[in-house]
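# Structural overview
So the chains spell out like this:
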Amino acid sequence: MAVQEGIAPDARTGGDGPVHRLKPNAVGLLGVVFMTIATAAPITAMTGNVPFMVSAGNGIGAPASYLVAMVVLAIFSVGFTSMAKHITSTGAFYGFISYGLGRTVGLASGLLATFAYVVFEPALIGIFSTFATTTLRDQTGVHVPWWAFALLMLAINATGTWFGVDVAEKLLVVLLATEVTVLAAMAISVALHGGGPHGFTFAPVNPVNAFKGTSAGLGLFFAFWSWVGFESTAMYGEESRDPKKIIPKATMISVLGVGVFYVFVSWMAITGNGEAEAVKAASSANPLALFFHPTEHYVGHWAVVVMQWLMISGSLACGMAFHNCAARYMYALGREGVLPSLRRTVGRTHPQHGSPHIAGLVQTVVSAVLIGAFWLAGKDPYTGTYVLLAILGTMAILIVQAVCSFAVLVYFRSHHPESRHWFRTLAAPLMGGIAMLAVVVLLVSNMGVAAGPESGSFVLKATPWLVALVALTGIGYAQYLKRRSPERYALLGRTVLEETKER
């Protein structure tokens with residue numbers, strides 16, 4: 001398949017006709033790392049998840065949950081990065097699974113991954129709007145309706161994708177650096193002062209405590225939830241420099257770097273309050289006191305004020321990163337002509353910026369429609385929009401991660417037996433896949449508790465069925481193409497970069 005746009009003619013598929021590609025060499029190792037960590041949104045993961053984990057999950061064992069999750073995800077990443085050294089595709093999971101388990105499972109997984117990232121953006125718009133409305137009202141007395149901030153975020157995300165990954169990278173670097181700095185300031189200050197009112201306590205990082213508390217399963221699920229999006233490194237391979245080296249490095253840096261940061265910050269937040277006081281703060285009417293109290297006591301009131309504003313920018317960075325992910329998955333499916341019309345629309349790149357600009361606009365429209373639907377239904381932007389859509393997307397992406405692990409096993413056995421390794425391509429992906437399936441079980445069994453006041457919502461009850469419907473649609477359509485349009489079926493998941501193939 002030939003390349004169009006005149007940017008870099010080095011993509012190949014198994015068919016004929018033009019294919020667009022994204023702007024090459026647009027981002028380096030640090031850029032990919034920043035883009036990936038932004039999807040995890042450290043300040044949102046910490047202030048949004050840790051208080052709930054402490055109050056309703058595994059109590060003071062929340063940091064230990066992050067430690068367990070980091071080990072599991074690092075094992076998963078061993079197989080994931082081994083495959084990334086052989087295949088570079090904007091479709092990431094879509095391409096990996098297509099090569100490992102076949103085009104039918106690949107298309108089903110590609111649709112599931114696209115679906116997940118599509119709903120993640122409006123979820124983050126919900127929490128961004130909540131943080132912005134609350135902070136502005138509390139600190140200035142000015143009330144702005146949440147939907148106004150939702151429109152603002154939609155506009156910012158659409159603009160960032162239009163002008164390419166390098167522009168989005170610059171915005172995310174600034175936003176991410178500030179949120180990490182303020183969390184680190186709190187944690188380091190607590191450590192330098194010798195811990196909290198009772199000194200240092202190592203119980204929060206004892207792995208045994210990850211499996212204790214009110215609901216250990218809920219705590220572990222939220223720990224894994226805090227990493228959602230780390231696998232997005234692979235989808236920037238086509239736009240990165242030397243992707244066969246950068247993507248594996250960026251993935252492991254993201255998993256381990258974020259993990260150490262999560263463990264340290266949550267540990268110091270609990271230590272800075274004191275164990276009993278931390279549980280009490282997390283269970284209070286203002287659970288953010290778990291972070292605000294040690295920040296004010298050890299850093300200063302100014303840092304609390306800054307942290308409140310950075311909660312806004314952190315959720316914005318996360319939503320922007322998910323917008324980029326969704327646009328790239330749409331683009332990957334579109335340029336292969338899953339539907340013929342898609343190649344001329346979402347499968348095109350901008351002639352100047354090399355960005356998936358049409359896919360980005362489509363994602364903006366879809367997000368706006370979802371936000372509008374939840375607004376008309378009277379849903380709260382946080383408990384209604386953010387929580388419900390985040391659970392929906394998380395279930396979809398965790399299933400895809402599990403399937404990808406098993407795809408690694410088959411891929412190296414069938415395609416590259418010379419690269420097989422007992423740990424990297426067998427034990428690690430097998431353990432990672434089983435662990436990911438266990439996390440899916442944790443999600444299903446704790447879904448109602450995680451949804452809080454929306455536990456009886458129709459959207460929550462429909463979540464497993466929606467995920468199953470998307471997967472079955474992919475399987476059914478792939479089989480239809482196999483019978484009626486074998487030339488299009490042959491293209492599924494097969495657009496990779498020529499310079500990354502094995503020689």
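Thresholds, definitions, all that
Residues numbered from 1 in each chain as written. Predicted model: local features only at pLDDT ≥ 70, side-chain atom pairs only at ≥ 80, totals over all residues. Heavy atoms only, no water. Helix = DSSP H or I, 4+ residues; strand = E, 2+ residues; numbered from the N terminus. Buried < 20%, exposed > 50% of the residue type's maximum accessible area, 1.4 Å probe, protein only. Contact = heavy atoms within 4.5 Å. Axes fitted to C-alpha atoms, helices over the stretch in contact; angles between N-to-C directions. Parallel < 35°, antiparallel > 145°, perpendicular 65-115°, else oblique. Nonpolar A, V, L, I, M, F, W, Y, C, P; charged D, E, K, R; others polar. Salt bridge = Lys/Arg side-chain N within 4 Å of Asp/Glu carboxyl O. pLDDT = per-residue confidence, 0-100. Core = buried A, V, L, I, M, F, W, Y, C linked by side-chain atoms within 4.5 Å. Polar contact = N/O pair within 3.5 Å; in protein donor to acceptor, adjacent residues only side chain to side chain. Phe/Tyr/Trp six-rings, centres within 6.5 Å; stacked < 30°, edge-to-face > 60°. Patch = residues over 30% accessible without salt bridge, like charges linked within 9 Å, V, L, I, M, F, W, Y side chains within 5 Å. Areas by Shrake-Rupley, 256 points an atom, 1.4 Å probe, with all protein chains shown as cover. Left-handed = near helix turned anticlockwise from the far one by under 90°. Expected span 1.5 Å × (residues − 1). Disulfide = S-S within 2.5 Å.

## Structural notes on the overall build of the chain
Within the chain one finds 18 helices and four strands. Across the 503 residues that make up the chain, the buried fraction comes to 62%. Put simply, of all contacts in the chain between residues at least 6 apart along the chain, 81% involve residues at least 24 apart.

## Considering the environment of phenylalanine 458
Within the secondary structure, phenylalanine 458 sits in helix 17 (residues 458-484). Relative accessible area serves as the criterion here: at 67%, phenylalanine 458 is assigned to the exposed category. Taking C-alpha positions, phenylalanine 458 is 9.9 Å from leucine 388, a pair spaced 70 residues apart along the chain.

## Some words on the packing of helix 2 (residues 42-56) against helix 3 (residues 62-84)
It is the contact of helix 2 with helix 3, at a shortest axis distance of 9 Å, that shows an interaxial angle of 115°. Relative to helix 3, the element helix 2 is oriented roughly perpendicular. Here Ala45, Met46, Asn49, Val50, Met53 and Val54 of helix 2 come into contact with helix 3, specifically with Ala62, Ser65 and Tyr66. Grouping the amino acids of the contact of helix 2 with helix 3 by side-chain chemistry returns seven nonpolar, two polar and no charged.

## Let's talk about the pattern of salt bridges
Counted by the stated rule, this structure contains two salt bridges. Residue arginine 137 pairs with aspartate 138 through a salt bridge whose shortest N-O separation is 3.5 Å. Overall, the relative accessible area of 40% leaves arginine 137 in the partly exposed class. By relative accessible area, aspartate 138 is classed as partly exposed at 49%. For lysine 379, the salt bridge is made with glutamate 454, and the minimal N-O distance between the two is 2.9 Å. With lysine 379 in the loop between helix 14 (357-376) and helix 15 (381-414) and glutamate 454 in the loop between helix 16 (423-451) and helix 17, the pair connects residues that are 75 residues apart, well separated along the chain. Its relative accessible area of 11% is what places glutamate 454 among the buried residues.

## What to know about the confidence of the model for the chain
Scored by pLDDT, the chain comes out at a mean of 85, with 88% of its residues at no less than 70. By mean pLDDT, the top-scoring element of the chain is helix 17 (95), and the lowest-scoring one is strand 1 (residues 2-4) (34). Low pLDDT (under 50) marks residues 498-503, which in the prediction has 19 contacts with non-local residues, meaning those over four places away or in another chain.

## Considering the nonpolar core
Of all hydrophobic cores here, the largest spans 159 residues; its most connected members are Tyr66, Phe93, Tyr117, Trp227, Tyr262, Phe291 and Ile391. Ranked by the residues each element gives to this core, the list is headed by helix 12 (residues 301-335), at 19 residues. Apart from the residues within four sequence positions on either side, phenylalanine 291 is in contact with Met46, Thr47, Val50, Pro51, Leu183, Met186, Val265, Ala269 and Met307.

## Description of the side chain of serine 129
One can find serine 129 in helix 5 (residues 103-140). In terms of polar contacts, serine 129 uses its side chain to reach the backbone carbonyl oxygen of isoleucine 125, at 2.7 Å. One polar contact links the side chain of serine 129 to the main-chain amide nitrogen of alanine 150, over a distance of 3.4 Å.

## Some points on the packing of aromatic side chains
Here the structure, examined in full by the defined rule, presents 24 aromatic pairs. Ring plane angle 55° and centroid distance 6.1 Å describe the contact between tyrosine 66 and tryptophan 227, whose orientation is recorded as tilted. One end of the pair, tyrosine 66, is in helix 3; the other, tryptophan 227, is in the loop between helix 8 (216-225) and helix 9 (243-273), and 161 residues separate them in sequence. No difference in accessibility class separates tyrosine 66 from tryptophan 227, as the two residues are buried. An aromatic cluster is present here, built from Phe52, Phe221, Phe222, Trp225, Tyr382 and Tyr386 joined pairwise through their rings.

## Considering the environment of glycine 474
Within the fold, glycine 474 resides in helix 17. Once the C-alpha coordinates of glycine 474 and leucine 112 are considered, the two residues, 362 residues apart in sequence, prove to be 8.4 Å apart. Those residues in contact with glycine 474, other than ones at most four positions away along the chain, are Thr104, Leu107, Ala108 and Leu111.

## A few points about helix 8
Within helix 8, 10 of the 10 residues are buried, which leaves it mostly tucked inside the rest of the structure. Turning to helix 8, its buried residues are Ala216, Gly217, Leu218, Gly219, Leu220, Phe221, Phe222, Ala223, Phe224 and Trp225. Next to the buried residues of helix 8 lie helix 2, helix 3, helix 15 and helix 16.

## Overview of a nonpolar patch on the surface
On the surface, Trp147, Leu151, Trp375 and Leu376 cluster together to form a nonpolar patch covering roughly 500 Å² of accessible area. Of all the secondary structure elements, the ones that give two or more residues to the nonpolar patch are helix 6 (146-162) and helix 14. With respect to the helices and strands, the residue leucine 376 is situated in helix 14.

## A short note on the packing of helix 15 against helix 17
Between helix 15 and helix 17, the shortest axis-to-axis distance is 10 Å and the interhelical angle comes to 25°. The orientation of helix 15 relative to helix 17 falls into the category roughly parallel. Helix 15 and helix 17 meet at a crossing whose hand is right-handed. Contacts between helix 15 and helix 17 involve Leu388, Ile391, Leu392, Met395, Ala396 and Ile399 from the first element and Val459, Leu460, Thr463, Pro464, Leu466 and Val467 from the second.

## Considerations on helix 14
Taking 1.5 Å per residue, 20 residues should reach 28 Å; helix 14 reaches 29 Å between its end C-alpha atoms and fits that length. Where helix 14 terminates, the next one or two residues include glycine 378, which has phi positive at roughly 75°.

## Things to note about the side chain of serine 313
Position of serine 313 among the secondary structure elements: in helix 12. Classification of serine 313 as buried rests on a relative accessible area of 12%. The residues contacting serine 313, other than those within four sequence positions of it, are Leu175 and Thr178.

## A few points about the environment of leucine 218
With respect to the helices and strands, the residue leucine 218 is situated in helix 8. When its relative accessible area of 1% is taken as the criterion, leucine 218 is described as buried. Taking C-alpha positions, leucine 218 is 7.5 Å from asparagine 58, a pair spaced 160 residues apart along the chain. Once residues lying within four places of it in the same chain are set aside, the contact partners of leucine 218 are Phe52, Ala56, Gly57, Asn446, Val449 and Ala450.

## A few points about the state of the cysteines
Summed over the entire model, instances satisfying the criterion amount to zero disulfides. With no disulfide of its own, cysteine 318 has cysteine 325 as its nearest cysteine by sulfur position, at a separation of 9.2 Å. A relative accessible area of 3% means that cysteine 318 is categorised as buried. Overall, the relative accessible area of 0% leaves cysteine 325 in the buried class.

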